[in-house]
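Residue-level listing of the chains:
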Amino acid sequence: MLRRIARSVATSAPGTNAAYLAYGLARPALLRPSVTPAEARLALPGDHLVPVPQWVATRGVTIQAPPHAVWPWLVQMGFGRAGWYSWYRFDDDGRPSADHLEPALQQLAVGDPIPDGPRADEGMGVWRVAVLEADRALALYSCRHPVTGREVDPLDPHVGPYVESSWAFVLRPGEHGDTRLLVRVRATVAPRWARPLFGLVGAADTVMEHTMLDGIRLRAERRVPSASPGPVHAGDL
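A. Spotlight on the sheet that holds strand E4 (residues 137–144). Taken in spatial order, the six strands of this open sheet run E1-E6-E5-E4-E3-E2, and their pairing is antiparallel. Looking at the sheet topology across the chains shown, the edges are occupied by strand E1 (55–63) and strand E2 (113–115). Taking each pair of neighbouring strands and ignoring which way they run, the sheet shows an average axis angle of 20 degrees. Of the pairings in the sheet, the one linking E4 to strand E5 (residues 162–173) comprises eight bridges and is antiparallel in character. Looking across to E5, one finds that Cys143 is bridged to Glu164.

Here it is in structure tokens:
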């Protein structure tokens, strides 16, 4: 019973955020900016999904691999899929993130759901693919109740409280066969009194994304061939 309760707390949104925040406080480098001011100002695919955000955060990592070698790791992300590649294994219900590419998870289309939790099939904790440009950009969208995680419509006059978010992953090729992976979150929350929560949630999200970006970097760099015959796209795997 106690083990089940502890696992439930560890996999909940508050428990996950608390774990990341504690991890970041012990490792201050994870709370520092990882993009230049110019990168933070860039217009990125997916910005239109939340056109007037109350909170915007951009993070980045340089990966010693070309965009086509990074892209498949993004396509297969998700709860119950390949995981989120981050430090905290309980963000995928205790399963470690995949260290290999799964051909069965490489088919993705605009509108597809990306589970964010165990109840995604019930409409609770779901991201949806909103932008999909192979080897370049993947942007996810979510509008959900802040407590239950149930999908809601922000235009519904009776919607009640909600958090509307976009989560964009953008691959920018470097000059030496490397890739700059930028990740941007844009979010707004209703009602207005809940907006101060962005401070704590944002700090935890920064830690999560920095460990996630490093997880993607490590996996993509390990699989870079010494000589590649040409681009490999998700559909070719």
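B. Region of interest: the environment of Val185. Of note, Val185 is situated in strand E6 (residues 179–190). Sequence separation of Val185 and Thr206 is 21 residues, and the distance between their C-alpha atoms is 10.0 Å. With near-sequence residues (within four places) excluded, Val185 lies in contact with Trp55, Val56, Ala57, Arg59, Ser166, Trp167, Asp205 and Glu209.

C. Expanded view of the pattern of salt bridges. Within this structure, the stated rule accounts for twelve salt bridges. Here Asp47 makes a salt bridge to Arg184, at a shortest N to O gap of 3.0 Å. Taken together, the positions of Asp47 in the loop between helix H3 (37–41) and E1 and Arg184 in strand E6 put the pair 137 residues apart, joining distant regions of the chain. When its relative accessible area of 14% is taken as the criterion, Asp47 is described as buried.

D. Up close: the pairing of E5. Of all twelve residues in E5, nine are buried; the element is thus mostly enclosed. Hairpin geometry of E5 and E6 is characterised by an intervening segment of five residues between the two adjacent antiparallel strands and by a positive phi of about 80 degrees at Gly177.

E. Examining unusual backbone geometry more closely. Note that the residue after Ala190, namely Pro191, is joined by a cis bond; omega there is 5 degrees. Along the chain, Pro191 turns up in the loop between E6 and helix H5 (198–222). Positive phi values are uncommon outside glycine, yet Tyr85 reaches one of about 65 degrees. The phi angle at Asp135 is positive, at roughly 65 degrees, despite the residue not being glycine. Tracing the backbone shows Asp135 in the loop between strand E3 (126–133) and E4.

About the cut-offs
- Residues numbered from 1 in each chain as written.
- Predicted model: local features only at pLDDT ≥ 70, side-chain atom pairs only at ≥ 80, totals over all residues.
- Heavy atoms only, no water.
- Pairing = 2+ DSSP bridges.
- Helix = DSSP H or I, 4+ residues; strand = E, 2+ residues; numbered from the N terminus.
- Axes fitted to C-alpha atoms, helices over the stretch in contact; angles between N-to-C directions.
- Contact = heavy atoms within 4.5 Å.
- Salt bridge = Lys/Arg side-chain N within 4 Å of Asp/Glu carboxyl O.
- Buried < 20%, exposed > 50% of the residue type's maximum accessible area, 1.4 Å probe, protein only.

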